[in-house]
Amino acid sequence: MNLQRRSILSLSLAASATLLCANLAHAQARELNFGVISTESSSGLKDAWQPLLADLQKATGIKVNAFFAPDYAGVIEAMRFNKVQFGWFGNKSAMEAVDRAKGEIFARVVATDGTEGYYSLLIVNKDSPLRNVDDVVKNHQTLTLGYGDPNSTSGTLVPGYYVFGKNKIDPLKDFKRTVRSNHESNLLAVVNKQVDVASNNTENWARFGLTHPEQLQQVREIWRSPLIPSDPLVWRSDLDAATKKQLRDFFLAYGREPREKEILGKLGYSGFHGSDNQQLVPIRQLELAKQRGTIEADDRYSAQEKSAKLKEIDDQLAALSQQTAAK
């Protein structure tokens, strides 16, 4: 084979390889796994989400499998290793997915009353002598706390900052006993007087009212946080463009028909709105503020080390504030 023919063949092979890679990159997914964070039992979550996922499969022709894990980290790690391609997250777990698992927010839920946010709660049994958050702060060393998953926004991050961090209480060390669990289990623990106080949120409170209406009457709210952005839907950023369009179109249009409204109602939603990673800014600010408080209280650092670490955090907070102002 002469040099000219070899060159032509090489160019042809290179062009074919490039075309093949381009086609693979744009090939539409035919099967996807949808991750669901463990806010309650897997059976309860499956019953709530499966009808919607069945509609998604029918509308797109893509086989959709629900993926459950015993904790939030299991879904984050599954996305990291591409065992989960999209799913329902809380804001804190979505932040972890964005930072560590190629995650990207594309939508967020809308509550049945039309709001695009929810609240973290501290709850007690209706017979509890605890009347407000000041009672919890004052008596924390004698109390048992039901706390959320480490990656839960409303179960850990928000009360950890607004209630415990601001009062210089370590929720894992300073209570008589602290038990970590999902939202539903924490509610049941309060109902059964197995813990004195627990973290929860208004979304789970509403769902618990549908599944355990009589037991919810045994629970009382004693603290409510500032508004938290509503739960995001996250996909892997490397999902192909055609599949992303199908998913976005389906979710943003879902909930217009009576049957769809009924399905969403069992989840506590009325629909979905488009969103992006910008909704994580207030969550990042909370996480940094929590870190700042921890560093300020840590005597292991020299004055110089502490000053340097605090400046680094302050710079990050300033950058996030600029993002918010520019939006």
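Conventions used here
Residues numbered from 1 in each chain as written. Predicted model: local features only at pLDDT ≥ 70, side-chain atom pairs only at ≥ 80, totals over all residues. Heavy atoms only, no water. Core = buried A, V, L, I, M, F, W, Y, C linked by side-chain atoms within 4.5 Å. Buried < 20%, exposed > 50% of the residue type's maximum accessible area, 1.4 Å probe, protein only. Helix = DSSP H or I, 4+ residues; strand = E, 2+ residues; numbered from the N terminus. Contact = heavy atoms within 4.5 Å. Axes fitted to C-alpha atoms, helices over the stretch in contact; angles between N-to-C directions. Parallel < 35°, antiparallel > 145°, perpendicular 65-115°, else oblique. Left-handed = near helix turned anticlockwise from the far one by under 90°. Nonpolar A, V, L, I, M, F, W, Y, C, P; charged D, E, K, R; others polar. pLDDT = per-residue confidence, 0-100.

Phe34, Leu52, Phe86, Trp88, Phe89, Val197 and Phe251 are the most contacted members of the largest nonpolar core, which totals 67 residues. With 6 residues, helix α2 (residues 42–60) is the largest single contributor of residues to this core. In this view, Phe34 contacts Trp49, Leu53, Val64, Asn65, Ala66, Phe67, Phe86, Gly87, Trp88, Leu233 and Phe251; residues no more than four positions away in its chain are not counted.

Turning to the packing of α2 against helix α10 (residues 241–253), a few remarks are in order. Packing of α2 against α10 leaves a shortest axis separation of 11 Å and a crossing angle of 125 degrees. By the criterion of interaxial angle, the relationship of α2 to α10 is oblique. Crossing handedness for the pair α2 and α10: right-handed. On α10, the residues that touch Leu52, Asp55, Leu56, Ala59 and Thr60 of α2 are Gln246, Leu247, Phe250 and Phe251. When grouped by side-chain class, the residues that make up the contact of α2 with α10 number 6 nonpolar, 2 polar and 1 charged.

For Ile283, the position within the fold is in helix α12 (residues 281–296). Residue classification places Ile283 among the buried residues on the basis of a relative accessible area of 2%. For the pair Ile283 and Gln215, spaced 68 residues apart in the sequence, the C-alpha separation amounts to 32 Å.

As a further point, take the confidence of the model for the protein. Here the protein averages 91 in pLDDT, while 91% of its residues score no lower than 70. Taken together, the stretch residues 7–11 has pLDDT below 50 and engages in 1 contact with residues farther than four places along the chain or on a different chain. Residue range residues 13–26 is modelled with pLDDT below 50. Its contacts to residues more than four positions away, or to other chains, number 2 contacts.

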